[in-house]
Amino acid sequence: MCGIVGYIGRKTAAPIIIKGLKKLEYRGYDSFGIATIGSGIEICKHAGRISENARSALHLNGTIGIGHTRWATHGVPNDINAHPHTDCKNRIAIVHNGIIENYAILKRQLIARGHRFLSETDTEVIAHLIEENYKDNLLSAVQNIVPKLQGSFALLVISPEEERIIAARNASPLVIGIGDGEYFAASDMTPVLEYTERAVFLEDGDIASLSPANLEIYHGEKRVERSVELVDWSVEDTRKGGFAHYMLKEIYEQPQAFYDSTRTLDQETLPASVKKTSSVAIVACGSSFHAGLIFKYLLEETCGIPARIEYASEFKYFPPPVSCLVIGITQSGETADTLTALKQAKSHNCPTIAITNVPGSSVSRIADTTIFMRAGPEISVAATKSFIAQLAVLMQLVNLRSGEQFTKVLLHAHRAIEEVLLMDLSDAVSACKQAQSIFYVGRGPFYPVSLEGALKMKEISYIHAEGYAAGELKHGPFALLSKDTPVIAICMPDETYGVMISNIKEMKARGAPVIALGIEGDSELADIVDIFIPLPKTHKFVQILTSLVVFQLLAYHTAVALQRDVDKPRNLAKSVTVE
Ligand code: G6P
């Protein structure tokens, strides 16, 4: 996690870096810092958010600078632990995203050789190692020390003695934006889009030297060429555009994200490994795991293809899959556990596919084939449009493998999503905002929908919420039911309807208020529950989507009613690059 930005060119660096860091706050926001080359190294760093303290860094001089927004791993978030970090002589400043796993031993050795450490971070060892290796060439110094580092890093390094930024990457994302007489370095394209759409995505092991007129890339010691890619994300997508929060804007962008993302695949572009596979293993984390779980239900039911799913972090504790297609789902393309699981699958000779939203992300360098959804940049920490776009791709996979039974359904699904965006959920919000705990329940594919609903609620409203398979609630959680513990039940007119109605009556009998999502006109359901949320009458695939959108809106409005920091919930980050 953590976001980094660098600038070198003709303009004053600090305002560009401040603006860029604000765009990367979704990666971490407990502290921030900027270093520029003005009169020597000028540094401003603080605990707290760049969006609230930007003015403090505006005085920094110079046209070369690096910046960092932090999600603390080693050392509490305070002014001292904030990046940039410097060497003993203040000749070198660095920012780092990732974790140096062997930092403790390196630190002991450096202290024994007389280095003085100021912070508790793993990062500071890098500054001191560069100091030891720096004579008159910053690039060589970085090339010399990189092999000593174990772990993940995207690094930017500056020194007042050189007119350049050195950037290095290993297992943490780093993109170089190419402007006119200027270069940008950043954790992703969002800070860069305003200036250029031309970018080079560094590979693991690359070290780059950026000067105003020149970009040189080395792989270790060897000079290499990397292709320049055009990133067609729009800068407007990175702005709030009149919405109170990015999350609400992104929820409203879902009809488009779904429509566009279903079009990433047709029979011609369907990867051969999907066409011929007879079994699938899915690895993912967080919301992506829930998308995978929904996919498992649909794939098994519709195509008869057995699918196994594991949390990516647990994948290594199970016997490896034998010759089955392994699909990694990750909106950021950077989740460490998902990357590790895919590498492991490859080491067992399994074909691999990644489904991701971010061009140039690490996962696309690991998987044999990558399917890019088309959600555009997602800034809010809670996944919404990227989640719906994942489902668009996954539902399209099911459609194509099933002989295109659902083409029409998918073609029109965005209209039903549009319809539910306009729903009034105020009664349900009132019930949720005073709850101590909320249960979400469903059956079949609506069980993972419940998991995702509960995840959205807990991560942004901080109300304890749990998703359950409806039949499981009586095996323990019933003990927790009371008038302060609403249950949100999804009750669709399918083979689960009768048993869901019985489950709802059991919950009501134990004093829990029940909010139910059902199909419009279902008076039997509406009569037995406290709050009825009617969804348009649609196909099951679309019911899944519309239920999810209602849950996103319910979480959003509840969080707003409780005055939570919706786009940046406490302790969380959007891109989790540590295992
Ligand atoms: C973090 C984010 C979640 C996301 C999860 C997996 O926890 O806050 O929204 O679902 O990571 O991320 P991925 O990028 O792999 O989908």
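Participant: A description of the site of the ligand should follow, citing residues and the corresponding values.
Facilitator: Around the ligand, a shell composed of 13 residues is seen, among which Ser288, Thr330, Gln331, Ser332 and Thr335 lie nearest. Take Ser332: an N or O atom from its side chain is 2.6 Å from an oxygen atom of the ligand. Note that an oxygen atom of the ligand is positioned 2.4 Å from one of the side-chain N or O atoms of Thr335. Within the complex, the protein chains bury 90% of what would otherwise be the 390 Å² of accessible surface of the ligand.

Participant: Describe in detail helix α18 (residues 540–561), supporting the description with residues and values.
Facilitator: The first and last C-alpha atoms of α18 sit 31 Å apart over 22 residues, in line with the 32 Å expected at 1.5 Å per residue. Burial runs high along α18: 19 of the 22 residues are buried. Phi turns positive one or two residues past the end of α18, at Gln563, with a value near 60°.

Participant: Could you give me a rundown of the sheet that holds strand β25 (residues 531–535), with the residues and numbers involved?
Facilitator: Pairing within the open sheet is parallel, and its five strands lie in the order β22-β21-β23-β24-β25. Strand pairing shows two members of the sheet lacking a second neighbour, β22 (464–469) and β25, which therefore form its edges. Mean inter-strand twist for the sheet, computed between neighbouring axes without regard to direction, equals 20°. Looking at chain direction, strand β21 (residues 437–442) and strand β23 (residues 487–490) are connected through three bridges and run parallel. By the bridge assignment for β23, Val441 is matched with Ala489. Packed on one face of the sheet, helix α14 (residues 426–433) meets β21, β23, β24 (514–519) and β25 and runs near 135° to β25. Sheet strands touched by helix α16 (residues 497–509): β21, β23 and β24. Its angle to β23, the strand with the most contacts, is close to 170°.

Participant: Before we move on, can you summarise the packing of helix α12 (residues 385–401) against helix α13 (residues 407–421) with the specific residues and values?
Facilitator: It is at 10 Å that the axes of α12 and α13 come closest, and there the two elements cross at 160°. Taken together, the axis directions place α12 and α13 in an arrangement best described as roughly antiparallel. The handedness of the crossing between α12 and α13 comes out as right-handed. Contacts between α12 and α13 involve Ile388, Met395, Gln396 and Asn399 from the first element and Thr407, Leu410 and Ile417 from the second.

Participant: Break down the domain arrangement of the protein chain for me, with residues and values.
Facilitator: In terms of domains, the protein chain is made up of domain 1 (3–236), domain 2 (240–419) and domain 3 (423–566). Here the C-alpha centroids of domain 1 and domain 3 sit 45 Å apart.

Participant: Quick one: what's the story with the sheet that holds strand β19 (residues 352–356), residue by residue and with numbers?
Facilitator: Read from one edge of the open sheet, five strands run β17-β16-β18-β19-β20, paired in parallel fashion. Here the strands that pair on one side only, and so sit at the sheet edges, are β17 (307–311) and β20 (369–372). When strand polarity is set aside, the average angle formed by the axes of neighbouring strands in this sheet is 20°. Relative to β20, β19 runs parallel, the two being bridged by four bridges. Bridge pairing in β20 places Ala354 opposite Thr370. This element, helix α10 (residues 336–347), spans β16 (280–284), β18 (325–329) and β19 of the sheet and lies at about 165° to β18. Here α12 sits on the sheet and contacts β18, β19 and β20; the angle it forms with β19, its principal contact strand, is near 140°.

So, how was this worked out
- Residues numbered from 1 in each chain as written.
- Predicted model: local features only at pLDDT ≥ 70, side-chain atom pairs only at ≥ 80, totals over all residues.
- Heavy atoms only, no water.
- Near = heavy atom within 4 Å.
- Polar contact = N/O pair within 3.5 Å; in protein donor to acceptor, adjacent residues only side chain to side chain.
- Areas by Shrake-Rupley, 256 points an atom, 1.4 Å probe, with all protein chains shown as cover.
- Helix = DSSP H or I, 4+ residues; strand = E, 2+ residues; numbered from the N terminus.
- Expected span 1.5 Å × (residues − 1).
- Buried < 20%, exposed > 50% of the residue type's maximum accessible area, 1.4 Å probe, protein only.
- Pairing = 2+ DSSP bridges.
- Axes fitted to C-alpha atoms, helices over the stretch in contact; angles between N-to-C directions.
- Contact = heavy atoms within 4.5 Å.
- Parallel < 35°, antiparallel > 145°, perpendicular 65-115°, else oblique.
- Left-handed = near helix turned anticlockwise from the far one by under 90°.
- Domains from an automatic or database assignment.

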